[in-house]
Amino acid sequence: MKSKRLLTDFFRKTWYIYAFSLSFHLISNLINVFYPKVLGEFTDSLQLGELTRAIIIDYSVLLLLIGVGHVLFNGAAMYLVMYVGRKFEFIVRGGLFRHFTQMSERFYSKNGVGKLLSYFMNDVTAVRESISMGFNQTANATMLFIAAITMMLASGIPYYLILASVLPLLFIPFIVVYLGPIIRKRSLEVQEALGKMTETAEEQFGGIRVTKKFAVEGIMQHRFGRTVDQIRHNQLRLVRVSSFFQALIPFLGTIALIIALAFGGYLTITKHITLGNFVALTLYVRMLMNPLQQIGNVINSIQRSRASLHRLDELLSQQSDIVELDNAKAIDLSAGGIRVRDLSFSYGKSSHQVLKNIDLDIKPGTTLGIIGRTGSGKTTLMKLLLRTYDPPPGAILYGDTDVRELTLESLRSQIAYVPQDGFLFSTTIRENIAFFKRDTEMKKVESAARNAQIYNNIADLPNSFETRLGERGLTLSGGQRQRTSLARGLIKNAPVMILDDSVSAVDAVTEKDIIESIQKERKGKTTIIIAHRISAIKHADEIVVLDEGVIVQRGTHAELLLEEQGLYATLHAIQEEGSQHATGTSHS
Ligand SMILES: Nc1ncnc2c1ncn2[C@@H]1O[C@H](COP(=O)(O)OP(=O)(O)OP(=O)(O)O)[C@@H](O)[C@H]1O
């Protein structure tokens with residue numbers, strides 16, 4: 001969905017509904033403007049003493065018909081436009097969602113979830129309101145205005161009296177031109193403050209368990225209060241100018257009515273116009289006041305929605321920074337190895353170098369273990385292998401093909417990535433495990449769960465694999481979540497598997513069982529295991545030690561232990577000592 005085409009595309013598809021609605025508005029107003037004329041004629045008959053019982057009944061029936069006709073056509077016109085307005089909401093929300101799913105990780109780290117939700121809710125609704133309510137009221141008011149003037153002229157009301165009476169209304173465009181941009185700017189500030197509030201609320205609800213455990217509810221309330229205060233401040237700024245604007249327009253209507261009463265009254269007593277004409281004129285001017293008030297609302301709402309449309313436009317014109325080449329290739333990842341050549345990377349111009357001159361050769365079917373202190377760049381290296389961030393050209397090759405030349409689908413569908421904090425969806429456990437392919441046979445789901453050592457835990461749940469997560473507060477423990485996410489990776493049976501610290505939350509015995517299953521399952525397939533515990537990677541064909549973005553050691557477990565001064569041997573000694581303490585076999 002291209003930004004600037006958001007509205008034009010929509011109107012191109014729905015113009016005929018708007019055309020129908022417009023015709024109904026026209027008919028409804030043509031009917032409506034007869035009402036003051038009929039009352040004017042009634043007054044003249046009354047004054048001339050021509051009224052009979054039959055004439056009174058005729059007038060009453062006529063007024064009833066005018067009322068019913070007006071309501072029916074006006075109702076149909078409004079319904080049609082409201083209906084397409086909802087359709088607009090549906091189409092744009094779908095388009096936004098598609099756009100979001102194409103954006104890269106960098107986009108999500110810049111835009112919080114709350115901000116994106118605010119686009120979804122507030123901005124789309126603001127635009128919808130102005131193209132449905134705005135259209136209805138503008139169409140209504142404009143037609144009523146034209147029809148009323150025509151009827152006044154046709155009724156024999158002198159043109160100079162009409163001109164004098166509607167003169168104050170001609171100031172409206174000038175007021176709009178002056179106040180419109182101010183309203184729009186303040187509206188944008190309100191929308192941005194609302195976006196910020198949704199973002200803060202989303203984060204605070206997400207982190208409510210941490211907040212409670214640290215007993216810092218007061219601080220959080222204060223922080224949230226500040227965000228809400230900002231909205232109030234911005235909304236008051238908007239309300240000040242928009243109320244002034246909304247009040248000014250009916251005020252002009254009142255002036256018009258005063259002129260009609262004074263000037264029209266004078267012309268009636270000097271016998272220039274009939275009493276019926278005077279009654280009709282005042283009714284017409286009164287009739288115009290409501291639409292004028294509505295026009296004020298519409299202009300306000302259009303200004304607000306222009307601010308929202310601008311935000312939506314900006315968002316939709318953003319392109320993902322991960323771009324697939326036109327001639328991108330799909331290759332079989334199991335055929336070749338993975339090569340990393342002199343890879344250096346930083347997240348942005350202002351950020352430090354997270355990886356420096358990394359060289360790696362992962363032969364097909366082998367296991368690579370990666371260990372290193374926290375923040376040493378292990379996950380970053382994996383993100384580059386998955387191309388969730390773009391590596392420099394020529395730095396990462398699958399077989400002989402640069403990762404940047406592969407289709408994203410071929411790359412990511414052949415890699416099973418299991419992150420440390422695997423996110424689980426609020427659906428059944430079976431669907432979470434078979435996420436990659438929902439119709440996977442149950443046998444495979446169970447086998448993946450067994451290999452991830454989570455089968456028994458799932459079997460104990462009320463509905464076993466069909467248990468829905470999140471329902472009635474059902475949540476899994478950190479370790480159970482991690483193993484469910486591991487099963488989700490294992491079931492993919494992909495040529496390349498990356499376990500990014502995926503067994504960190506399980507006890508040593510379970511870890512040992514999981515690693516044994518993985519060794520068996522992944523035999524002959526490329527596997528990369530990132531871990532903080534040596535026990536999880538010591539079986540690997542090669543182990544690299546990362547420190548501050550640099551590979552400081554590489555070799556097999558046995559080779560690395562021989563480098564006694566190395567980081568690996570030091571980590572090994574510390575972890576061994578820890579486990580001896582834990583099992584009570586320390587000699588010290
Ligand atoms: N999206 C990001 N934008 C900017 N800097 C980032 C981003 N993600 C990570 N970093 C920085 O990159 C460095 C390496 O982070 P990375 O997550 O790769 O480390 P790690 O070795 O996986 O750590 P851990 O063992 O704690 O998971 C850290 O200094 C981190 O602050």
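Residues numbered from 1 in each chain as written. Predicted model: local features only at pLDDT ≥ 70, side-chain atom pairs only at ≥ 80, totals over all residues. Heavy atoms only, no water.

Put simply, the rule is: UniProt positions are given in the numbering used here, feature names are shortened, and annotations may be inferred rather than shown by experiment.
Per an unreviewed UniProt entry, the recorded name for the chain is ABC transporter ATP-binding protein, and the organism is Paenibacillus arenilitoris. The Subcellular location (unreviewed entry) comment attached to the chain in UniProt states, word for word, "Cell membrane".

### So, the UniProt feature "transmembrane region" (unreviewed entry) in the chain
Applied cut-off: Helix and strand definitions here come from DSSP, where helices need a minimum of 4 consecutive H or I residues and strands a minimum of 2 consecutive E residues; each element is numbered from the N-terminal end.
Following the UniProt record, one finds the feature "transmembrane region" (unreviewed entry) at residues 15–35, 55–81, 138–154, 160–179 and 244–267. Regarding residues 15–35, the helix share stands at 95% and the strand share at 0%, and the terminal C-alpha atoms are separated by 31 Å.

### Topic: the sheet that holds strand β4 (residues 396–398)
Quick reminder of the rule: Note on pairing: two strands pair once DSSP finds at least 2 bridges between them.
If you trace the four strands from one edge of the open sheet to the other, you get β2-β1-β4-β5, paired in antiparallel fashion. The sheet is open, and its two borders are formed by β2 (353–362) and β5 (401–402), each paired with just one other strand. Two elements, β4 and β5, share two bridges in a ladder whose sense is antiparallel. Considered in β5, the bridge of Tyr398 is made with Thr401.

### Remarks on the nonpolar core
The condition that has to hold: Joining through side-chain atoms within 4.5 Å is the link that ties buried Ala, Val, Leu, Ile, Met, Phe, Trp, Tyr and Cys residues into a set, and such a set is a nonpolar core. Each residue gets one of three labels from its accessible area relative to the maximum for its type: buried under 20%, exposed over 50%, partly exposed in between, using a 1.4 Å probe on protein chains only. When checking whether two residues touch, look at their non-hydrogen atoms; a contact exists if any pair is within 4.5 Å.
Ile433, Leu486 and Tyr568 are the most contacted members of the largest nonpolar core, which totals 40 residues. Contributions of two or more residues to this core are made by β6 (415–418), α13 (429–433), α14 (442–451), α16 (478–490), β7 (496–500), α17 (508–521), β9 (542–547) and α19 (567–583). Residue contacts for Leu486: discarding those within four places in its chain leaves Val418, Ala452, Met497, Leu499, Val503, Ile514 and Ile518. Met152, Leu169, Ile172 and Leu179 belong to the second largest nonpolar core, which has 36 residues in total.

### A short note on the sheet that holds strand β3 (residues 367–372)
Counted only if it meets this: In this analysis, axes come from line fits to C-alpha atoms, helices being fitted only over the stretch in contact, and the angle between any two N-to-C directions falls in the range 0 to 180 degrees.
Across the sheet, six strands lie side by side as β6-β7-β8-β3-β9-β10; this open sheet has mixed pairing. Where the open sheet ends on each side, the last strands, each with one partner, are β6 and β10 (550–555). Adjacent strand axes in the sheet meet at a mean angle of 15° when their direction is disregarded.

### Describing the pattern of salt bridges
This is how it is decided: Any carboxyl oxygen of Asp or Glu within 4 Å of a side-chain nitrogen of Lys or Arg constitutes a salt bridge here.
Throughout the structure, instances matching the rule amount to 22 salt bridges. With a shortest N-O distance of 3.3 Å, Asp361 and Arg341 are connected by a salt bridge. Of the two residues, Asp361 sits in strand β2 while Arg341 sits in strand β1 (residues 338–346), which places them 20 residues apart along the sequence. For Asp361, a relative accessible area of 40% gives the class partly exposed. Residue Glu511 pairs with Arg533 through a salt bridge whose shortest N-O separation is 2.8 Å. Here Glu511, found in helix α17, pairs with Arg533, found in the loop between β8 (526–530) and β9; they are 22 residues apart in sequence, far enough to count as distant. Overall, the relative accessible area of 30% leaves Arg533 in the partly exposed class. Residues joined by salt bridges that share partners form a network here, namely Arg86, Glu89, Arg93 and Arg128.

### A word on helix α11 (residues 378–385)
Three or four residues apart is the spacing at which side chains of an α-helix point the same way, because the helix has 3.6 residues per turn. Within α11, seven of the eight residues are buried, which leaves it mostly tucked inside the rest of the structure. Listed in full, the buried residues belonging to α11 are Lys378, Thr380, Leu381, Met382, Lys383, Leu384 and Leu385. Arg387 sits one or two residues past α11 and shows a positive phi near 55°.

### With respect to the site of the ligand
Stated formally: The nearness test applies per residue and asks whether one of its heavy atoms lies within 4 Å of the molecule or strand. We call two N or O atoms a polar contact when they sit within 3.5 Å, provided that within protein one can donate a hydrogen and the other can accept it, with sequence-adjacent residues counted only if both atoms are side-chain atoms. The nonpolar class holds Ala, Val, Leu, Ile, Met, Phe, Trp, Tyr, Cys and Pro. Asp, Glu, Lys and Arg form the charged class, and all remaining residues, Gly among them, are polar.
Looking at the ligand, there are 13 residues lining it, with Thr374, Gly375, Lys378, Thr379 and Thr380 nearest. A distance of 3.0 Å separates an oxygen atom of the ligand from a polar backbone atom of Gly377. With respect to the ligand, the side chain of His532 contributes an N or O atom lying 3.0 Å from an oxygen atom. In terms of residue count, α11 provides more of the shell around the ligand than any other element does, three residues in total. Each residue belonging to the shell around the ligand can be placed in one class, and the counts come to three nonpolar, eight polar and two charged.

### Some points on helix α9 (residues 217–269)
To keep it simple, the criterion reads: What a helix is expected to span follows from its residue count: subtract one and scale by 1.5 Å.
Helix length check: α9 (53 residues) gives 74 Å between terminal C-alpha atoms against 78 Å at 1.5 Å per residue, within 8%. One or two positions beyond α9, positive phi appears at Lys271, with a value near 65°.

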